[in-house]
Amino acid sequence: MSFTLAVVGRPNVGKSTLFNRLVGKKLALVDDQPGVTRDLREGEARLGDLRFTVIDTAGLEDATDNSLEGRMRRLTERAVDMADICLFMIDARAGVTPIDEMFAEILRKRSAHVILAANKGEGSAADSGVIEAYGLGLGEPIRLSAEHGEGLNDLYSQLLPLS
Ligand code: GDP
Ligand code: MG
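Under an unreviewed UniProt entry, the name given to the protein chain is GTPase Der, and the source organism is Aliisedimentitalea scapharcae.

> For this particular structure, what's the right way to read the overall build of the protein chain?
When helices and strands are tallied, the protein chain shows five helices and seven strands. From first element to last, N terminus to C terminus, the protein chain shows the α and β order β-α-β-β-β-α-β-α-β-α-β-α. Long-range contacts, defined here as pairs at least 24 residues apart, represent 67% of the contacts in the protein chain between residues at least 6 apart. As displayed, the protein chain has an accessible area near 8,000 Å², and 47% of this comes from carbon and sulfur atoms.

> What am I meant to see in the nonpolar core here?
Generally speaking, soluble globular proteins have nonpolar side chains that are buried together. Within the largest apolar cluster, 28 residues are counted, with the highest numbers of intra-cluster contacts made by Ala6, Phe88, Ile90, Leu107, Leu136 and Leu138. Mapped onto this core, the elements with two or more residues apiece are β1 (4-8), α2 (65-82), β5 (85-91), α3 (98-110), β6 (113-119) and α4 (127-133). For Ala6, the contacting residues outside a window of four places in its chain are Ile55, Ala79, Ala83, Ile85, Cys86 and Leu87. One finds Phe19, Val23, Leu87 and Met89 within the second-largest nonpolar core, a separate group that totals 24 residues.

> Just checking my understanding: could you explain the site of ligand 1 for this structure?
Surveying the vicinity of ligand 1 reveals 15 residues, the closest of which are Asn12, Lys15, Thr17, Glu122 and Glu147. Here a nitrogen atom of ligand 1 sits 2.7 Å away from a polar atom, N or O, in the side chain of Glu122. Here Ser145 contributes a side-chain N or O atom positioned 3.0 Å from an oxygen atom of ligand 1. Compared with its free state, where it exposes 580 Å², ligand 1 has 76% of that area covered by protein. Looking at the shell around ligand 1, the element that brings in the most residues is helix α1 (residues 15-23), giving three residues. Classifying every residue of the shell around ligand 1 by side-chain character gives three nonpolar, six polar and six charged.

> Hey, could you run me through α1 in this one?
One turn of an α-helix holds 3.6 residues; hence residues three or four places apart share an orientation. If you check which residues of α1 are buried, you get Lys15, Leu18, Phe19, Leu22 and Val23. Buried residues in α1, looked at end-on, bunch into an arc of 120°, giving them a common side.

> What is the right way to read the packing of aromatic side chains from this model?
In this description, a pair of aromatic rings is defined by centroid distance and the angle of the planes. Considering all chains together, one arrives at two aromatic pairs under this definition. On the numbers, 4.8 Å between centres and 10° between planes, the contact of Phe3 with Phe52 is stacked. Of this pair, Phe3 sits in the segment before β1 while Phe52 sits in strand β4 (residues 50-57); the two residues are 49 residues apart in sequence, bridging distant segments of the chain.

> Looking at this structure, I do not really get the environment of Gly123. What am I missing?
Checked against the element boundaries, Gly123 lands in the loop between β6 and α4. Residue Gly123 is classed as partly exposed on the basis of its relative accessible area, which comes to 47%. For the pair formed by Gly123 and Thr97, sequence separation is 26 residues and the distance between their alpha carbons is 20 Å.

> Quick question: what am I supposed to make of the pairing of strand β3 (residues 40-47) here?
Where a strand is regular, its side chains alternate between the two sheet faces. Alignment of β3 against β4, held across eight bridges, turns out to be antiparallel. Residue Glu42 lies in a different strand from β4, and its bridge partner there is Ile55. In textbook terms, the turn of a hairpin is the stretch between consecutive antiparallel strands, and for β3 and β4 this stretch comprises two residues, one of which, Gly48, has a positive phi near 60°.

> How should the side chain of Thr76 be read in this particular structure?
Structurally, Thr76 can be placed in helix α2. If sequence neighbours within four positions are ignored, Thr76 has contacts with Val8, Phe103 and Ile106.

> What is the right way to read the confidence of the model for the protein chain from this model?
Caution applies to low-pLDDT parts of the model: their predicted coordinates are not meant to be read in detail. This prediction gives the protein chain a mean pLDDT of 87; 85% of its residues lie at or above 70. This complex was scored by the predictor with a pTM of 0.90 and an ipTM of 0.99.

> For this particular structure, what's the right way to read the environment of Leu40?
Tracing the backbone through its elements, the reader meets Leu40 in strand β3. As for Leu40 and Asp81, which are separated by 41 residues in sequence, their C-alpha atoms are 13 Å apart.

Reading the values: the criteria
- Residues numbered from 1 in each chain as written.
- Chains lettered and ligands numbered in written order.
- Predicted model: local features only at pLDDT ≥ 70, side-chain atom pairs only at ≥ 80, totals over all residues.
- Heavy atoms only, no water.
- Helix = DSSP H or I, 4+ residues; strand = E, 2+ residues; numbered from the N terminus.
- Contact = heavy atoms within 4.5 Å.
- Areas by Shrake-Rupley, 256 points an atom, 1.4 Å probe, with all protein chains shown as cover.
- Core = buried A, V, L, I, M, F, W, Y, C linked by side-chain atoms within 4.5 Å.
- Buried < 20%, exposed > 50% of the residue type's maximum accessible area, 1.4 Å probe, protein only.
- Near = heavy atom within 4 Å.
- Polar contact = N/O pair within 3.5 Å; in protein donor to acceptor, adjacent residues only side chain to side chain.
- Nonpolar A, V, L, I, M, F, W, Y, C, P; charged D, E, K, R; others polar.
- Arc of directions from axis to C-beta.
- Phe/Tyr/Trp six-rings, centres within 6.5 Å; stacked < 30°, edge-to-face > 60°.
- Pairing = 2+ DSSP bridges.
- pLDDT = per-residue confidence, 0-100.

Right, here's the structure in full:
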């Protein structure tokens, strides 16, 4: 059985970097609702012997400050509803921010299956952010480096029983 994984989190944490690493060049636009076509990208992911669909929540980068929180909420809720599993990503170098807390609350309420990833996890600058991530109440974080390809074995281990 295959599954759909949505990568969610605030802008700049590294969602698209992970998406691109999982999908390679094969990607497509999600096109099922007017107005959000450019906000969600869907691709066929490979991770070891796993094959699954991955959704990248993009399109927030050009939002103004006023609308950003509402747009993030709506987009995240849409992605959560399309997905079987959510990968919630934080920036371990930046630590947990109030916006991250907002995402965590959406995900807890929506009761999706959540995998927590502390990205930019290469090097000791990420150590405290990884510890902080435990406080989100979403279980043990995976320490990832989407850019350097580290921690993907741990992601695999968490996805395998769900596949
Ligand atoms: P998104 O807005 O969440 O999709 O984030 P992007 O994937 O666009 O990445 C934002 C920035 O973080 C880019 O400059 C990436 O190169 C950088 N980035 C992504 N993953 C990592 C990582 O694992 N380590 C570090 N140091 N930087 C990363
Ligand atoms: Mg992006």
